[in-house]
Amino acid sequence: MDFLDKDNLQNDLILIAIFAVAILTMPIWLEPFGASYPDLMQKFAIFGIFATGFNILFGLTGYLSFGHAAFLGVGSYTAVWSFKLLGMNPIPALIAAVIIAGVFALVIGFLSLRRTGIYFSILTLAFAQMCYNLAYSVLTPITNGETGLRVLRSDPRIFDGNGSDTGPLVASLFGIEMTGMAGFYFCAVVLILVSWLAIMIFRSPFGLMLKAVKTNQNRMGYTGLNTRPYALAAFVISGMYAGLAGALMCITDPLAGAERMQWTASGEVVLMTILGGAGTLMGPMLGAALIKYFENIFSAFNEQTLEHVFSFMPEGMRDATVSLAGLFVGEGWHLTLGLMFMIVVIFLPGGIIEGLRRLAKAVFGRKRPEQSHAARDDAAQTAR
Amino acid sequence: MDQILLQILNGLDKGGAYALIALGLTLIFGTLGVVNFAHGALFMLGAFCAVGLYQLLTLEMVSIDPNNMTPWGTPAEIRQPYIEAWFGEAGSTMLNFAVPLSILVAIPIMLVIGIVMERGLVKHFYRRPHAEQILVTFGLAIVLQEIIKVWFGANPIPIPAPEAVSGSADIGSWFGFAENAISYPWWRLVYLLFSVAVICAVFAFLQFTTFGMVVRAGMADRETVGLLGIDIDKRFTIMFGIAAVVAGLAGVMYTPILPPDYHMGMDFLVLSFVVVVVGGMGSLTGAVAAGFLLGILQSFASMTEIKSIFPGIDQIIIYLVAVAILLVRPRGLMGRKGVMEG
C-alpha cells in the first residue's frame, strides 16, 4: 500500500525523470553487461511495456490472465497490415494496433470477466489458444499462416511505397529508419510515455478502485459498487499495452507470426511480472529485462565461452565445471529460468523489488518512509 | 453409422489420456487445494520411465562373428541386446513387452516422485495464493522438462507396442458391420481399457477402502477429520503420490501412440486443465466425463466432412466448448459451489 501515502505529483515527476534518464542512457551503462546492443535493448523496452500493461490487470486488479499474448499477436498483425496498406510510418501502425487490440480485449474481457479465479485464467487461455490456432490455420488470408506476415514490395502502401520497386521495407519515422539504435530510442520513448501513464493509473482514484477490487471483490459488491466495469477497463487497458508492445515488435522488425500468440508467450509475461514483483511500478519491467537478458545472453554462451570463463582452473576441475555449467546456459538456459523462477516464488514472493526493498532496509536501516522509498527506486534504477 | 462409431472410438483413447491426467489433477486439487501445473510433467516423466526401461532392455552386446566376414576381410559384428543373449527366448519376450513391463517400474518411481514433490515443495504452498502455486509448479515443470531434455535428448523416441497387439482389430465385424468397415489399432483399444481400469481402480480405492473413506472425508472437511485424531496430511501426501502414479501410468501406456519427447507434458497440460475446468474443479466424475467428452468431440471435429464446413474447427473445438460451458455453467459440468472462485 506504499503508493497510497505518496500520491503527490512531485515525487512522481522525480521518479519518471530518473526512469527516463535511466532508460535513455541504457546503451552506456549496459555496456559492462554485454547487453548494449540495440536488438536486446529493444526487447527490454518492448517486453517492459508488455509486462507493465499486464501488471495493471494482474498486479493491480488481481486477475491472472493466461492469454495476454493474444493481444500481442493482434497488435503485431495490425501493425504489419498498417504497413502494408498505409505505408511504413510507425505512428499509424501504433495507433491502429492499440485500437484493434483494445477492441479485442473488450470482447474477450467482457466474456471472461464473468468468471473469477482459475475460471477466468482458463477462459482467457482458451480464447488465446483459439486466436493462436485460428491465426495459424483458418485466417491464413489475414495472417499468412505459419509463414508469418511480412511487408512486400507489391503492397499498396498508399502513402509511400505505392507498389514501386524501390523504397525501404523497414519502418521509418519521417525518414529515420526504425532499426538499430533509432529503433531502440523510439521504443524507449514509447516506454517512458506509457510508464508515465501507468504511474498515473496507479495513483488515480481509478487505480485505487482496481486495488480495492483485488483486495476484496465481494466487499466492493456489498457497498453497492459494480466492479465489472472497473475490471473490464483494466483488462482493456492492459490489452492495449500488449497491442502496443506487439506493434513495436513489428516496427523494429516488420514480421508477425502466430507463435507470438501461443500460451507459452502468455506464460512468459506472467513470469516476468511475478519475477520482478507484481503490483509494483518498476517490478514487471525489471522482470522483463532480466528474463530477456538471460534469454539472449545465457543462451548465447557455448562451451568455448565457458572454457574461457573458467580458464583459471586446473584442467580436470575446469572440464567438470564447464560441463556442469553447460547445463544451465546455451540450449539449457530454460533450466536456469525454471530454477530462478522457483527460487523467487518460494523465497521472495514479492519478486525482485521485494528483495531490493529488504536489501535497502538492511543497508540503510529504518529511515523515514520518504527516504526509503527514494532509496528503493534508486536501487531499482541502478539494478537495471 | 460406422463412421460415427469409428470417431467415437478414436476419441475414446485420447479422451482416456485426458481423463487420467485430469483425474490426477482433480485429486490433487480436491485434497490439497493446490493447482498443480507440474502435472503434465508427471505425465511426461511416466512416459520416460517407459523410455528408460526400453533403452535399458535394448542395450546391445557387441561380439565378433568368426564365421561371417565383411567384404573388407574383418569379422562381422553381432549386435544383440544383452537381455536376449542372457535369457534367450524369455529375454526377447521381455523386450517385446517393454511397455507393459514399464508399468511395474513406473508405479514405485512415480509414487516416490509424487511424495517427494509434495513433501519437498508443494507442502509449503497450501496457504499461499493459487497464482503462486501455479507459478512454482510451472517453474518445476520447466526444470523437470529440461532435465529430461538433457538426459534423453530433444527428439521423440519411438517405442513399439508388444507384437501381439500391434496390428489392427476389425472391430466392425464384432458389431455386425461389413468386414474391415472399422479397423482400429489394438494398442488404442488396450489404452482405452487400461484407462477405464485405472479410473475404476481409483474410484474403488476411494469408495471401498477405509483409507479412501478418510480421504473423502478430508476432502469434505479437513479440519474435522484432523480433530478426530487422524493424520490427514500424511494421507493427502499419499494421495498426491497416487495422483502422480495415475498421470505417470497414462504417460507410460501412451508411448506407443505418441513417441515421447520432452515437451509432451506441456502440450497435454493445457488441454487437461481445460478438461478439469469443464468438468468442474474438484469433481472426480466431472473430470473423467469431460475428458472422454472432449476427446470424442475432438475426433469428430477432425473428420473431413466437418472440417469442410467449419475449417480449423479441429484445432479450436476444445477451447470453444470450454468457453461455451464456462459461460453457461460457471462451475463446469459438475463443479461445486465456491471452489476456486475469487
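Cut-offs and rules
- Residues numbered from 1 in each chain as written.
- Chains lettered and ligands numbered in written order.
- Predicted model: local features only at pLDDT ≥ 70, side-chain atom pairs only at ≥ 80, totals over all residues.
- Heavy atoms only, no water.
- Helix = DSSP H or I, 4+ residues; strand = E, 2+ residues; numbered from the N terminus.
- Buried < 20%, exposed > 50% of the residue type's maximum accessible area, 1.4 Å probe, protein only.
- Contact = heavy atoms within 4.5 Å.
- Areas by Shrake-Rupley, 256 points an atom, 1.4 Å probe, with all protein chains shown as cover.
- 1 Å grid on protein atoms, 1.4 Å probe; cavity = no way out; pocket = protein on both sides within 12 Å on 5 of 7 lines; lining within 4 Å.
- Points joined across faces, edges and corners; volume = space filled by probe spheres on them.
- Buried area = accessible area lost by both parts, 1.4 Å probe.
- Salt bridge = Lys/Arg side-chain N within 4 Å of Asp/Glu carboxyl O.
- Polar contact = N/O pair within 3.5 Å; in protein donor to acceptor, adjacent residues only side chain to side chain.
- Nonpolar A, V, L, I, M, F, W, Y, C, P; charged D, E, K, R; others polar.
- Patch = residues over 30% accessible without salt bridge, like charges linked within 9 Å, V, L, I, M, F, W, Y side chains within 5 Å.
- Core = buried A, V, L, I, M, F, W, Y, C linked by side-chain atoms within 4.5 Å.
- UniProt positions renumbered as here; feature names shortened; annotations may be inferred.

This part covers the overall build of chain A. What chain A contains, in helices and strands, is 18 helices and four strands. Taken over 384 residues, chain A has a buried fraction of 55%. Long-range pairs, those at least 24 residues apart, make up 76% of the contacts in chain A with a sequence separation of at least 6. When the accessible area of chain A is evaluated, it comes to approximately 16,200 Å², of which 66% is carbon and sulfur surface.

With that settled, consider empty space enclosed by the protein. Residue and element names in this part refer to chain A. This structure, assessed with the given rule, holds three cavities of 30 Å³ or more. In this structure, the largest cavity spans a volume of roughly 50 Å³. Looking at the largest cavity, the residues that line it are Thr52, Asn55, Ser195, Ala198, Ile199, Phe202, Leu281, Met282 and Met285. Looking at the lining of the largest cavity, the elements that each hand over two or more residues are helix H3 (38-61) and helix H8 (180-203). Looking at the lining of the largest cavity element by element, the count peaks at four residues for H8.

Moving on: the interface of chain A and chain B. Across the boundary between the two partners, chain A contributes 37 residues, which contact 41 residues of chain B. When chain A packs against chain B, the two sides together hide about 3,500 Å² of surface, and 81% of this comes from carbon and sulfur. At the surface where chain A touches chain B, the tally comes to zero salt bridges. Along the contact surface separating chain A from chain B lie four residue pairs in polar contact (both at pLDDT 80 or more). Listing elements by their share of the side of chain A that touches chain B, those giving two or more residues are helix H6 (117-136), helix H12 (263-276) and helix H16 (333-347) of chain A. When residues in the side of chain A that touches chain B are grouped by element, the largest group, twelve residues, is from H6(A). In terms of residue class, the side of chain A that touches chain B is built from 26 nonpolar, eight polar and three charged.

Residue and element names in this part refer to chain A. There is a patch of nonpolar side chains on the surface, built from Ile91, Ile95, Ile99, Ile100, Val103, Phe104, Leu106 and Val107 and spanning about 660 Å² of accessible area. Assignment of secondary structure puts Ile100 in helix H5 (residues 90-112). Judged by its relative accessible area of 36%, Ile100 falls in the partly exposed class.

Residues and elements named next belong to chain A. When you line up the elements, Ser82 lands in helix H4 (residues 69-86). Ser82 sits in the buried class, given a relative accessible area of 5%. In sequence terms Ser82 and Ala97 are 15 residues apart; their C-alpha atoms lie 8.5 Å from each other. Those residues in contact with Ser82, other than ones at most four positions away along the chain, are Gly87, Pro92 and Ala93.

All right, on to the nonpolar core then. Membership of the largest hydrophobic core comes to 247 residues, with the highest contact counts inside it found for A:Ile49, A:Leu248, A:Trp263 and B:Phe37. Top contributing element to this core by residue count: helix H1 (residues 2-32) of chain B, with 16 residues. When residues no more than four places from it in sequence are discounted, the contact partners of A:Leu248 are A:Ile46, A:Ile49, A:Leu94, A:Phe186, A:Cys187 and A:Val190.

Taken as a whole and assessed by the stated rule, the structure comprises eight salt bridges over all chains. With a closest N to O distance of 2.5 Å, B:Glu132 and B:Arg128 form a salt bridge. The exposure class of B:Glu132 is buried, given its relative accessible area of 14%. On the accessibility criterion, B:Arg128 (21% relative accessible area) is partly exposed. A single network of salt bridges, built from pairs that share partners, joins A:Glu268, A:Lys292 and A:Glu295.

Another aspect to go through is the UniProt feature "transmembrane region" (unreviewed entry) in chain A. All names here are of chain A. Those places that UniProt annotates as "transmembrane region" (unreviewed entry) correspond, in this numbering, to residues 13-32, 44-71, 91-111, 182-202, 229-249, 269-291 and 335-356. Secondary structure across residues 91-111 comprises 100% helix and 0% strand; the distance between its end C-alpha atoms is 31 Å. Counting secondary structure, residues 229-249 comes out at 100% helix and 0% strand; the distance between its end C-alpha atoms is 30 Å.

Residues and elements named next belong to chain B. Residues given the UniProt feature "transmembrane region" (unreviewed entry) here are residues 15-35, 42-64, 97-122, 189-215, 236-257, 269-297 and 309-328. Across residues 15-35 one finds 86% helix and 0% strand; the C-alpha atoms that close the span lie 21 Å apart. The span residues 189-215 is 96% helical and 0% strand by assignment, and the distance between its end C-alpha atoms comes to 32 Å.

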